Amino acid sequence: MSENDPLLDIIPTVLAWLLPSGAVVVGALGQFMLALVLLMVAFGVWLRLWRSRKRRRAMGRAPR
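Presented here is a report on the structure given in the accompanying data block. Think of each chain on its own: its residues are numbered from 1, step by step along the sequence as written. Where totals are concerned, whole chains, interfaces and linings use all residues; where local detail is concerned, this predicted model gives features only for residues with pLDDT of at least 70, and gives and counts side-chain atom pairs only at 80 or more. For side-chain calculations, the full set of non-hydrogen atoms in the structure is used, while hydrogens and water are omitted.

Regarding its fold elements, the protein chain presents two helices and zero strands. For a compact globule of 64 residues, the expected C-alpha radius of gyration is about 11 Å, and the protein chain comes in at 28 Å, more than 25% above that figure. Expressed as lengths along the three principal axes of its C-alpha atoms, the size of the protein chain is roughly 95 × 15 × 10 Å. Looking at the protein chain as a whole, 2% of its 64 residues are labelled buried. Surface accessibility follows the Shrake-Rupley procedure with a 1.4 Å probe radius. Residue values consider only the protein chains on display as shielding. When the accessible surface of the protein chain is summed, it comes to about 6,400 Å², and 70% of that surface belongs to carbon and sulfur atoms. Where helices and strands are cited, they refer to DSSP runs of H or I of at least four residues and of E of at least two residues respectively, numbered from the N terminus. C-alpha atoms define the radius of gyration in this analysis, and the globule rule sets the expected value at 2.2 Å times the number of residues to the power 0.38. To sort residues, take the accessible area from a 1.4 Å probe on protein chains only and compare it with the maximum for the residue type: under 20% means buried, over 50% means exposed, and anything in between is partly exposed.

Moving on to a nonpolar patch on the surface. Distance thresholds for patches are 9 Å for like charges and 5 Å for nonpolar side chains (Val, Leu, Ile, Met, Phe, Trp, Tyr), applied to residues having over 30% relative accessible area and no salt bridge. Think of a salt bridge as a Lys or Arg side-chain nitrogen and an Asp or Glu carboxyl oxygen that are within 4 Å of each other. Together, Leu7, Leu8, Ile10, Ile11, Val14, Leu15, Trp17, Leu18 and Leu19 make up a nonpolar patch on the protein surface, roughly 910 Å² of accessible area in all. Looking at the element boundaries, Leu7 is found in helix H1 (residues 6-18). Judged by its relative accessible area of 43%, Leu7 falls in the partly exposed class.

What follows deals with the packing of aromatic side chains. Pairing of aromatic rings covers Phe, Tyr and Trp, the last through its six-membered ring, and needs centres within 6.5 Å; plane angles under 30 degrees mean stacked, over 60 mean edge-to-face, and all others mean tilted. Considering all chains together, one arrives at two aromatic pairs under this definition. Between Trp46 and Trp50 the ring centres are 6.1 Å apart and the planes differ by 10 degrees, which places this aromatic pair in the stacked class. Of this pair, Trp46 and Trp50 both sit in helix H2 (residues 22-61), separated by four residues, roughly a single helical turn. An aromatic cluster of at least three residues, connected via ring pairs, comprises Phe43, Trp46 and Trp50.

Okay, the environment of Gly22 next. Turning to its location among the elements, Gly22 is positioned in helix H2. For Gly22 and Leu34, which are 12 residues apart along the polypeptide, the C-alpha to C-alpha distance reads 18 Å.

With that settled, consider a positive patch on the surface. Charge assignment: positive for Lys and Arg, negative for Asp and Glu; neither His nor the chain ends contribute. For this purpose, a charge sits on NZ of Lys, CZ of Arg, CG of Asp or CD of Glu. A surface patch of like charges, here positive, comprises Arg48, Arg51, Lys54 and Arg55. Assignment of secondary structure puts Lys54 in helix H2. Its relative accessible area of 51% is what places Lys54 among the exposed residues.

Spelled out as structure tokens, the structure:
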């Protein structure tokens, strides 16, 4: 291959198009982490509501 081969000019362009840049990877990881945090918060709220409902049912059944 000679130094002015057009194929050598195309290879970096194709690789840059196929492989994501660092900003894209960081952005995708940030979105994934945000989704995980929101999922954990939602699970915590659900668990708290479920426990309080369970506690209220037990108090309703308790003899007075």
